Amino acid sequence: MRWTPPVLLHRSPARGDRVRDGPVPTGGTGPARTATAPRDDPGEHPGEHPGEHPAVAATAAALAALAAAGTVVELPPGLDDPADRAAHLGAAPEALAVTGVLVARCSRAGLPAGSTGTGGVDVRPDEPVLVVRAGVHRTLPGVLAGVLGLARLDPADDALAHRLTGAAPGSAAPVGLPVALTTFVDVALAVHPAVWVPAGHPRAVFRTRYDELLRLTAGHPVELG
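To keep things clear, this report deals only with the structure shown in the data block. (Residues numbered from 1 in each chain as written. Predicted model: local features only at pLDDT ≥ 70, side-chain atom pairs only at ≥ 80, totals over all residues. Heavy atoms only, no water.)

### Observations concerning the nonpolar core
Heads up, the rule is: By convention a nonpolar core is built from buried Ala, Val, Leu, Ile, Met, Phe, Trp, Tyr and Cys residues, the set being connected through side-chain atoms within 4.5 Å. Between buried and exposed lies partly exposed: a residue is buried under 20% and exposed over 50% of the maximum accessible area for its type, with that area taken using a 1.4 Å probe on protein chains only. To qualify as a helix, a DSSP run of H or I must reach at least 4 residues; to qualify as a strand, a run of E must reach at least 2; elements of each kind are numbered from the N terminus. Any two residues whose heavy atoms approach within 4.5 Å are treated as being in contact.
With 21 residues, the main nonpolar core has L63, V72, V185 and L189 as its most contacted residues. Of all elements in the fold, only helix 1 (54-65), strand 4 (128-134), strand 7 (195-201), strand 8 (204-208) and helix 5 (210-217) reach the threshold of two or more residues within this core. Discounting chain neighbours no more than four positions away, the residues touching L189 are E94, A95, A97, V132, R133, A134, V195 and Y210. Of all hydrophobic cores here, the second largest spans 14 residues; its members include V131, L148, L153 and V222.

### Topic: the environment of P221
Among the structural elements, P221 can be located in strand 9 (residues 220-222). For the pair P221 and V132, spaced 89 residues apart in sequence, the C-alpha separation works out to 9.6 Å. Ignoring anything within four residues of it in the chain, the contact list for P221 reads V185, V187, Y210 and L214.

### Comments concerning the pattern of salt bridges
We count it as follows: Salt bridges, as used here, are contacts in which a Lys or Arg side-chain nitrogen is within 4 Å of a carboxyl oxygen on Asp or Glu.
This model, assessed by the stated rule, comprises 4 salt bridges. When the shortest N-O distance is used, the salt bridge between D154 and R152 registers 2.9 Å. R215 is the partner of E212 in a salt bridge, and the nearest nitrogen-oxygen pair spans 3.8 Å. Of this pair, E212 and R215 both sit in helix 5, 3 residues apart, roughly one helical turn. By relative accessible area, which is 46% here, R215 ends up partly exposed.

### Notes on unusual backbone geometry
Trans is the prevailing form of peptide bonds, just as negative phi is the prevailing case for residues other than glycine. At A67, a position not held by glycine, the phi torsion is positive, near 55 degrees. On the secondary structure map, A67 appears in the loop between helix 1 and strand 2 (72-74). The backbone of A218 sits at a positive phi, close to 50 degrees, despite the residue not being glycine. The topology assignment puts A218 in the loop between helix 5 and strand 9. For A218, a relative accessible area of 56% gives the class exposed.

Right, here's the structure in full:
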């Protein structure tokens, strides 16, 4: 077994201090890191340092390989409330993203399996997809299903979501995944000069722009609310 060193994260200031927000700079690269395999259990491992988590390592490596402007930032413990996180990051609560995995269960009546429907994206029955949404929006599977021409999209159970992303529910990064997933990005995030996105651990995020997020994820814009 090969030992992979912990990822060196940028630690945000202690709780009560704010991270300076503003437009995300363009450019910036870094050395790629070797990602480790995701763990088998879907627990959040709250006592585990984010830099020791395989999903965070994979996220950091992917951001570097894709020449992303931002890097992974570690949040201090205790920032569980979204409003507290937003205040700490110096961002609007609407600029904090949440991720989720949904599974297409069947096609819309009258459309063949795998039809692109009105969304122009080929999602087949039983295919999992990743949604990056503004944290203030609920995930609305019915809305997205209608866009894709599917009768139903169901939230993936925790075990499946963890197997696909290597992270606890809600904290999966949309890059560096063990399995490539078709990704949809909430257009509500586009109005913010900087967007904070989960980085594979409940206390890890990275900063990006909406246009860059679409590039990094090969994502499809979608209106969720």
